[in-house]
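What follows is each chain in one-letter form.
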Amino acid sequence: MSNFFSKAEVTSSGRPVFLRNEVECHLLSGVDLEPEDHHNFPPLKSGIFILTTHRLLWLPSSSATTPTSASAIPLAAISHIFSSKKSLKSVFHSPRIRFQVLVSPDGRVFDPGSGSSFSSGSGSRSVVVTAVVRGKGDCDGFLVKFWDSWRMRAWESNETSGSGSGSGLASGSGAGTGTGGGLYSTDGSVRMVGVSGILRKEQEMWESTDKSLQDAFQDLNALMSKAQEMVMLAEKMRQKLLSGTGSQTSGTNDEEMGSKEEIQDWLLSVGIISPVTKESAGALYHQQLSRQLADFVRTPLERAGGMINLIDAYCLFNRARGTELISPDDMLQACSLWEKFDVPVMLRKFDSGVMVIQNKSHSDEEVFARIKSLVTKPEALRNGISPTDAAMTLGIAPAMAKEHLLTAESKGLLCRDISPDGFRFYINLFPEIDPCNIYFVKDYGICSTWIKAVSTSELCLSHRSRVLDYDNGMPTTYGPVSFRLRKRITCNPAAT
Amino acid sequence: MVIILISSLRFRLEAENFSPISIYCEGSTCREMQKLGDFKLPHFFNYPPYFTLQPVRETREKQVQLWKELILDYCRTQKIFVIKLEEEFPLFSNSVIERTLSHEAREAFLSALAAEGRAEWLDKGHRSCLILWHRIQEWADIIVNFVKDNGFEDSVMTVEEIRFGIESRRTELHGIDRTILMRALKLLEQKGKLAIFKGTSTDDEGIKFSV
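As annotated in an unreviewed UniProt entry, chain B is Vacuolar protein sorting-associated protein 25 from Hibiscus sabdariffa.

Per an unreviewed UniProt entry, chain A goes by Vacuolar protein-sorting-associated protein 36 and derives from Hibiscus sabdariffa. What UniProt records for chain A under Function (unreviewed entry) is the sentence "Component of the ESCRT-II complex (endosomal sorting complex required for transport II), which is required for multivesicular body (MVB) formation and sorting of endosomal cargo proteins into MVBs."

Right under this line is the structure:
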């Protein structure tokens, strides 16, 4: 069998080695290849049938018992592809693809690489090969692509230069129509009338749709063939850039650098990230993005009270951009570039991992001062503050407020209180307490303030005195003696 | 009535002048200085963060220190020798502010005491802790003083007599935990100050002093 079809090279993992510019188009599994009327050669059973732009490949499946090698049929050797006959019989058995290959005089499939010229009517023998598709696969789609690839004659465009791709396409379409006519004139297939007229009509309809499809996709094909050139061009540019930055010994003049940056920009706009940008301080794109972000984020920052979550900023920025959305990585990179510029914003990461954008002018001390004033209010002394309370007072988001409270706690300003009521913070009294004298309370200082605040919630009633209330640290009294006592109190300087 | 009012007020004002103690605690029913039984609680007992194990290192150290002092004081005055973690311990909860020390916090504070040598875990699972508000050596000294003060230098006593006898009633030895007493006695035995011997019943051991 290996003598009939050409041998195809396979990689160590079983994938076929493609020729230069060869592109895989379609794949079917569970395919038997049977050359008809060729009793000498046993058919290839149950393999993977691959259509490429240049060849038809048959690979043995891994469960093949007898070691068979991969085979290839060059598309150049195919003289005719039979259309799929829709008969009653075809409903019951597996779909088949039949095509005719030219056979060289020595009994092997004609190999265009061997150098001999190809002509359809050269008089060489042709053998019909049937591919029986036993596996699940889109047989009709395969057939359509088969026609396309065969018509495109990609192998011919390779032999000519790159500019020949356009002409190759023209010749391909020309060949299509040419062979369309030639199929019926030179092939020698028996013309049938009556029922066959209907069949022929069907065939013609099929071919006309095929042609219209081809016209429609002409641009796409042109692009695809050009795409290869584009990739080559991009590679060349990249190489040039790399070599350019490598040889810095000659000294960089500004013009060179400017043009290099332009090249980088173009590459980026096409979607190719130049490796140079990753090493350097970032492409112009990222720098521009970073500046734009710094400008944009100023308004939300003011609204949010000087600190905004990175995720919130990302959402707002993308919404403002509308169409050209940026990825989270771009955002992060843009923010980290701020260090190198002189922008009034900075990225900050808290201990808990939360990342925020904040004004450079933002000072933690100021926030702590505000927190302290909040937490020394009598209400807060009694019940502590929750992140929501802090958020309302400070005018920032609750998540930010919690971060601030946690930072203040780590600085020793606050203490936490975890209870079924929730997570609350109190002013830190521990430094004021002397462990050697735990019953001692200084007159002034936060401890006594706390005690006073706590005691006013539970007014003590002593049988000896009237109700005493405390206002600004001074005892006030009620009743007729108040005037005289008040005078007495104010005369007492040490009490204040 | 008015005079009493003025004088009580003046007392309060003068108290504010001279004494550093908070003016609300003397005899009033104000709840600042609570009591647990007859034990006076410090004011920070009502401070809710006191009952939450603080994560910040400095704050935690202070908190641990305060709790250690409090536990030792309480146990000393109430003559408590063993604290079981799973049982309710009145010092570990405050019903006024509705806070209780978590199991983790209790273990942390008692472990700190154990590290200092002021407590000992009785089991590996840290469920029960022996509180040594006097160290074993101190207990040994107390026993020696007790013996000397009462003239028992060459006599014999049972362990129960030391614990619950009439003579020990005025001393700190009264009601001492048996484990602690045995340890102290063994320490003294090593020093040769006494000898322990088994009595007629397995419960009661006798001590022969030779101080």
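Next comes the rest of the description.
Visitor: Which parts of the structure should I look at to understand the overall build of chain A?
Guide: When you go through chain A residue by residue, the secondary structure sums to 18 helices and 15 strands. As displayed, chain A offers around 28100 Å² of accessible surface, 57% of which is attributable to carbon and sulfur atoms.

Visitor: What's the story with the packing of aromatic side chains in this structure? I'm lost.
Guide: Here the distance between the centres and the angle between the planes together describe a pair of aromatic rings. Tallied over the entire structure, the rule returns 26 aromatic pairs over all chains. Their ring planes at 80 degrees and their centres at 5.4 Å tell us that Trp450 of chain A and Tyr47 of chain B sit as a pair that is edge-to-face. Placement of the pair is Trp450 of chain A in helix 17 (residues 446–457) and Tyr47 of chain B in the loop between strand 2 (39–40) and helix 2 (57–78), with the two residues belonging to separate chains. For Tyr47 of chain B, a relative accessible area of 0% gives the class buried. One residue, Arg98 of chain A, lies across the ring of Phe82 of chain A, its end atom 4.7 Å from the ring centre. Lying across the ring of Phe423 of chain A, Lys402 of chain A places its NZ or CZ 5.1 Å from the centre.

Visitor: Help me understand unusual backbone geometry, please; the structure alone is not making it clear to me.
Guide: Leave glycine aside and you will find that most residues have negative phi; peptide bonds, for their part, are mostly trans. Residues and elements named next belong to chain B. Unlike most non-glycine residues, Lys79 shows phi in positive territory, near 55 degrees. As for its position among the elements, Lys79 is in the loop between helix 2 and strand 3 (82–84). Residue classification places Lys79 among the partly exposed residues on the basis of a relative accessible area of 32%. Phi at Glu98 is positive, roughly 60 degrees, even though this residue is not glycine. Of note, Glu98 is situated in the loop between strand 4 (93–94) and strand 5 (99–100). In this structure Glu98 comes out as exposed when scored by relative accessible area, which is 60%.

Visitor: Looking at this structure, I do not really get the pattern of salt bridges. What am I missing?
Guide: Any two side chains of opposite charge can pair if their charged atoms end up close together. A full pass over the atoms with the stated rule returns 20 salt bridges over all chains. One salt bridge connects Asp417 of chain A with Arg99 of chain B, and the closest N-O pair in it is separated by 2.7 Å. Here Asp417 of chain A is found in strand 12 (residues 414–419), whereas its partner Arg99 of chain B is found in strand 5 on a different chain. Across the salt bridge formed by Arg163 of chain B and Glu160 of chain B, the nearest N and O atoms sit 3.6 Å from each other.

Visitor: Please clarify how the packing of helix 11 (residues 310–321) of chain A against helix 12 (residues 328–337) of chain A should be interpreted in this entry.
Guide: All names here are of chain A. At a closest axis distance of 11 Å, the pairing of helix 11 and helix 12 adopts a crossing angle of 110 degrees. By the angle class used here, helix 11 and helix 12 are roughly perpendicular. Viewed along their axes, helix 11 and helix 12 form a crossing whose handedness is right-handed. Residues Leu310, Ala313 and Tyr314 of helix 11 pack against Pro328, Met331, Leu332 and Cys335 of helix 12. The residue inventory of the contact of helix 11 with helix 12, partitioned by class, reads seven nonpolar, no polar and no charged.

Visitor: Please explain helix 15 (residues 387–394) of chain A as it appears in this structure.
Guide: Because the α-helix completes a turn every 3.6 residues, residues three or four places apart line up on one side. All names here are of chain A. Turning to helix 15, its buried residues number three or more, namely Pro387, Ala390, Ala391 and Leu394. Across the axial projection of helix 15, the buried residues extend over an arc of 105 degrees, all falling on one side. Lining the buried residues of helix 15 we find helix 13 (364–375), helix 16 (398–410) and strand 13 (422–427). In the segment just after helix 15, Gly395 is the residue with positive phi, at about 75 degrees.

Visitor: I'm lost on the sheet that holds strand 9 (residues 307–309) of chain A in this one. Help?
Guide: All names here are of chain A. Spatially, the three strands line up as an open sheet ordered 9-11-10, and their pairing is antiparallel. The open sheet terminates on both sides in strands that have one partner only, identified here as strand 9 and strand 10 (345–349). Within the sheet, the average angular offset between the axes of one strand and its neighbour, ignoring direction, is 30 degrees. Sheet topology note: the strand 10/strand 11 (residues 355–359) ladder contains five bridges and is antiparallel. Looking at strand 11, one finds that Lys349 is bridged to Met355. Across the sheet, helix 16 lies against strand 9, strand 10 and strand 11, angled at about 115 degrees from strand 9, the strand it touches most.

Visitor: Can you walk me through the confidence of the model for chain A in this structure?
Guide: As a general rule, the predicted coordinates of low-pLDDT regions are not to be interpreted in detail. All names here are of chain A. Summing up the model confidence of chain A, the mean pLDDT is 72 and the portion of residues at 70 or higher is 69%. Predicted confidence is poor over residues 160–183, with pLDDT under 50, and the contacts of this stretch with residues over four places away or in other chains come to 23 contacts. A low-confidence stretch, residues 273–282 stays under pLDDT 50, and its non-local contacts, those more than four residues away or across chains, total 18 contacts.

Criteria and cut-off values
Residues numbered from 1 in each chain as written. Chains lettered and ligands numbered in written order. Predicted model: local features only at pLDDT ≥ 70, side-chain atom pairs only at ≥ 80, totals over all residues. Heavy atoms only, no water. UniProt positions renumbered as here; feature names shortened; annotations may be inferred. Helix = DSSP H or I, 4+ residues; strand = E, 2+ residues; numbered from the N terminus. Areas by Shrake-Rupley, 256 points an atom, 1.4 Å probe, with all protein chains shown as cover. Phe/Tyr/Trp six-rings, centres within 6.5 Å; stacked < 30°, edge-to-face > 60°. Buried < 20%, exposed > 50% of the residue type's maximum accessible area, 1.4 Å probe, protein only. Lys NZ or Arg CZ within 6 Å of the ring centre and 35° of its normal. Salt bridge = Lys/Arg side-chain N within 4 Å of Asp/Glu carboxyl O. Axes fitted to C-alpha atoms, helices over the stretch in contact; angles between N-to-C directions. Parallel < 35°, antiparallel > 145°, perpendicular 65-115°, else oblique. Left-handed = near helix turned anticlockwise from the far one by under 90°. Contact = heavy atoms within 4.5 Å. Nonpolar A, V, L, I, M, F, W, Y, C, P; charged D, E, K, R; others polar. Arc of directions from axis to C-beta. Pairing = 2+ DSSP bridges. pLDDT = per-residue confidence, 0-100.

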